[in-house]
Amino acid sequence: MFALLVLSSLSLSLVSTPVAEAAVYNVALVSPANAALVDPTPVGVSFEFFMWPSYMTNVTPPVQCLKQLDKVYGQKTPIRIGGTTQDRALYDPDFKGYVNYHVDGPLDPPLSLTYGPKFFDLIGELGAPTVLGLNRGSNNRSNTFAALQVAKAKVARSLTAIELGNEPDVYAAIWNLRPEPWTDVEEAAEQADWAQELINKWKSPLPILSAGVYAVSFQITATWPTTRYLIETAFNSTIKSAVKFYCNHLYTTTEGRPLSDEMNHAATVRSLAPQIDSVAAAASVGNRHIIGETNFHVDEPPQDRTFGSALQTLDKSLLGVATGVQRLYFHQGTVNSAPWNWWSNDLVEPPFYGGYFAALALARSDQIVAIDSGLDSYAQYVVYKRGKPIRAVMINTDYYSGTGVRNSTTFTLTGLRGSKSLESLRLTAPSSDFIFESGQRPGSGITVGGSFFSNSDCALRGNQKLETTQQKAGIATFTLMASESLIVYL
């Protein structure tokens, strides 16, 4: 994740709400040809390798909040364990704890660490489909594959895929883990060699490999490693058949831009654009592409902890899936450090609300299409099941500071069938800049239809209410204030 940082340079009822814009969208009554497939569990969670035991044993909200997502999906939420520290981790079969490391400060990531067999027990206890990241960066094959064999023996049923190394495209440029030149040729040849050894040692079941795992999803140089190069040049048929999915990571950098710019739908569209070629490359060999680690900004500004960040999480999830991405794993870094973390020690943070609302929008469907222009603040998606529209999702990503006039936008859906009234669920907050702090009055911040998550056990508190809108002649109109989202049940 850190690679991109180096490589790229009051109460709503009391505020007046004039209508600022109007957005009109036609809902196709049959899923269009450009609708993308929706995975049964499209929004997942990634845990930084050395923090994995802490999130499972020392921090209150994560396990309980994962159960909330499980309820939405009707099955376990997929997770990934990996990140920068997976390439610093050495397996010690005699170590009795989860993980061992030394840091000077509680918010510092370790430069080296060891872990033992007990580390894998937590995977079995959670029981979620898991992508497990192992160390390729240290180039210690015997140690990495020894860990693999123990993981397989202990928790094979939970292992969805294995990552061999984290962001190997920047092994030379950032981490000094490989000598220059480190181009697509060198990286892909080594990745293919490690993949073949994984196949030889894992044996079955296959496919098992998460391939690529690149920090940068576009070519910074003409010879930058890419998914397409792996598929078209480096991987033989044996390796391709062992690939569960191809993988890139996705963060942006602020470069001094404010939240009003960064949370905007048009900015999210631009950030996802480089993934399109990786999706197409994977599809060319009958496979899928995932975003195996993502969140808002790699430089971790304070704006990443806000409600605006929650809306960006929601928008990125829906647009990613509509682009053809199978799944997005939202990364959880050092506890109480990374502002985009979904949880702190004692708080359910704003970005979790975005992930949860995205899961509500996508769950138990099979297709999605983005029907907005992608050029302004107003995002619009239609979700289908068995070819028929079941939900429309609207996101107004206009910024609101919390003071002065809060503009609103009218979203109009046309082409609807029948005359029934439509129910909808609203995600809102007092402002784009809203953050949670200990001691706030429950229910005074971010709400989902008026309900909110308890910090003690992530239970939904308050009375969740659906809004009702009458459609006339196949047309229905909805008003969203700046920085709100609405799921409409069709």
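See above for the structure.
Residues numbered from 1 in each chain as written. Predicted model: local features only at pLDDT ≥ 70, side-chain atom pairs only at ≥ 80, totals over all residues. Heavy atoms only, no water.

Q: With reference to specific residues and values, describe the packing of helix 4 (residues 118-126) against helix 5 (residues 141-155).
A: At their nearest, the axes of helix 4 and helix 5 sit 9 Å apart, and the two run at 30 degrees to each other. In this structure, helix 4 crosses over helix 5, and the sense of that crossing is right-handed. Each of Phe-120, Asp-121, Ile-123 and Gly-124 in helix 4 lies in contact with helix 5, whose residues at this interface are Ala-147, Val-150, Ala-151, Lys-154 and Val-155. A per-class count over the contact of helix 4 with helix 5 returns 6 nonpolar, 1 polar and 2 charged. (Axes fitted to C-alpha atoms, helices over the stretch in contact; angles between N-to-C directions. Helix = DSSP H or I, 4+ residues; strand = E, 2+ residues; numbered from the N terminus. Left-handed = near helix turned anticlockwise from the far one by under 90°. Contact = heavy atoms within 4.5 Å. Nonpolar A, V, L, I, M, F, W, Y, C, P; charged D, E, K, R; others polar.)

Q: How would you explain the side chain of His-297 if you had to name every residue and give the values?
A: Its place among the elements puts His-297 in strand 12 (residues 289-297). A polar atom in the side chain of His-297 sits 2.6 Å from the side chain of Asp-304. Aside from chain neighbours lying at most four places away, what touches His-297 is Tyr-251, Thr-252, Thr-253, Thr-254, Glu-262, Gln-303, Asp-304 and Trp-340. (Polar contact = N/O pair within 3.5 Å; in protein donor to acceptor, adjacent residues only side chain to side chain.)

Q: Break down the sheet that holds strand 6 (residues 99-100) for me, with residues and values.
A: Spatially, 5-7-6 is the arrangement adopted by the 3 strands of the open sheet, whose pairing is mixed. The sheet is open, and its two edges are formed by strand 5 (89-91) and strand 6, each paired on a single side. Note that strand 6 and strand 7 (residues 113-115) share 2 bridges and pair antiparallel. Paired with Asn-100 across the strands is Thr-114, a residue of strand 7. (Pairing = 2+ DSSP bridges.)

Q: Got a sec to walk through the packing of helix 3 (residues 61-73) against helix 13 (residues 350-362)? Specific residues and values, please.
A: Where helix 3 meets helix 13, the axes come as close as 9 Å, and the angle between the chain directions of the two elements is 15 degrees. Put simply, helix 3 runs roughly parallel to helix 13. By crossing handedness, the relation of helix 3 to helix 13 is classed as right-handed. On the side of helix 3, the interface is formed by Cys-65, Gln-68, Leu-69, Val-72 and Tyr-73, while helix 13 contributes Phe-352, Gly-355, Tyr-356, Ala-359 and Leu-360. Grouping the amino acids of the contact of helix 3 with helix 13 by side-chain chemistry returns 8 nonpolar, 2 polar and no charged. (Parallel < 35°, antiparallel > 145°, perpendicular 65-115°, else oblique.)

Q: Give a description of the sheet that holds strand 9 (residues 159-164) that names residues and reports values.
A: Sheets are built from strands paired through backbone hydrogen bonds, the pairs being either parallel or antiparallel. If you walk around this closed barrel you meet the 8 strands as 3-4-8-9-10-11-12-13, and the pairing is parallel. Neighbour to neighbour, the strand axes of the sheet diverge by 25 degrees on average, direction disregarded. Here strand 8 (residues 130-134) pairs with strand 9 via 5 bridges, running parallel. Counterpart to Thr-130 in the pairing with strand 9 is Leu-159.

Q: Which residues make up the pattern of salt bridges, and what are the values?
A: As enumerated under the stated definition, the model contains 19 salt bridges in all. Taking the shortest distance from any N to any O, the salt bridge between Glu-232 and Arg-228 comes out at 2.8 Å. Within this pair, Glu-232 and its partner Arg-228 are both found in helix 7 (residues 227-234), separated by 4 residues, close to a single helical turn. In this structure, Asp-457 engages Arg-461 in a salt bridge whose closest nitrogen and oxygen atoms are separated by 3.2 Å. The exposure class assigned to Arg-461 is partly exposed, which follows from its relative accessible area of 37%. A single network of salt bridges, built from pairs that share partners, joins Arg-136, Arg-178, Glu-187 and Glu-190. (Salt bridge = Lys/Arg side-chain N within 4 Å of Asp/Glu carboxyl O. Buried < 20%, exposed > 50% of the residue type's maximum accessible area, 1.4 Å probe, protein only.)

Q: Provide a residue-level description of the pairing of strand 13 (residues 328-332), including the pertinent values.
A: The element strand 13 is largely enclosed, with a buried count of 5 among its 5 residues. Residues Leu-328, Phe-330 and Gln-332 of strand 13 are buried on one face, and the alternating residues Tyr-329 and His-331, pointing to the opposite face, are buried as well. In the sheet, strand 3 (residues 43-48) pairs with strand 13 via 5 bridges, with the strands oriented parallel. Opposite Gly-44, over in strand 13, you have Tyr-329 as the bridge partner. The pairing of strand 12 with strand 13 spans 2 bridges and is classified as parallel. If you follow Thr-294 over to strand 13, its bridge partner there is Phe-330. In the classification by handedness, the crossover that spans strand 12, the intervening helix 12 (residues 307-323) and the parallel strand 13 is right-handed. (Right-handed = clockwise from strand over helix to strand, strands pointing away.)

Q: Tell me about helix 3, and please be specific about residues and values.
A: With 13 residues, helix 3 extends 19 Å from end C-alpha to end C-alpha; this agrees with the ideal 18 Å at 1.5 Å per step. By the burial criterion, the buried members of helix 3 are Pro-61, Pro-62, Cys-65, Leu-66, Gln-68, Leu-69, Asp-70, Val-72 and Tyr-73. Along its buried surface, helix 3 packs onto strand 3, helix 2 (52-57), helix 4, helix 13, strand 20 (452-453) and strand 21 (460-461). Just past helix 3, the residue Gly-74 takes up positive phi, approximately 75 degrees. (Expected span 1.5 Å × (residues − 1).)

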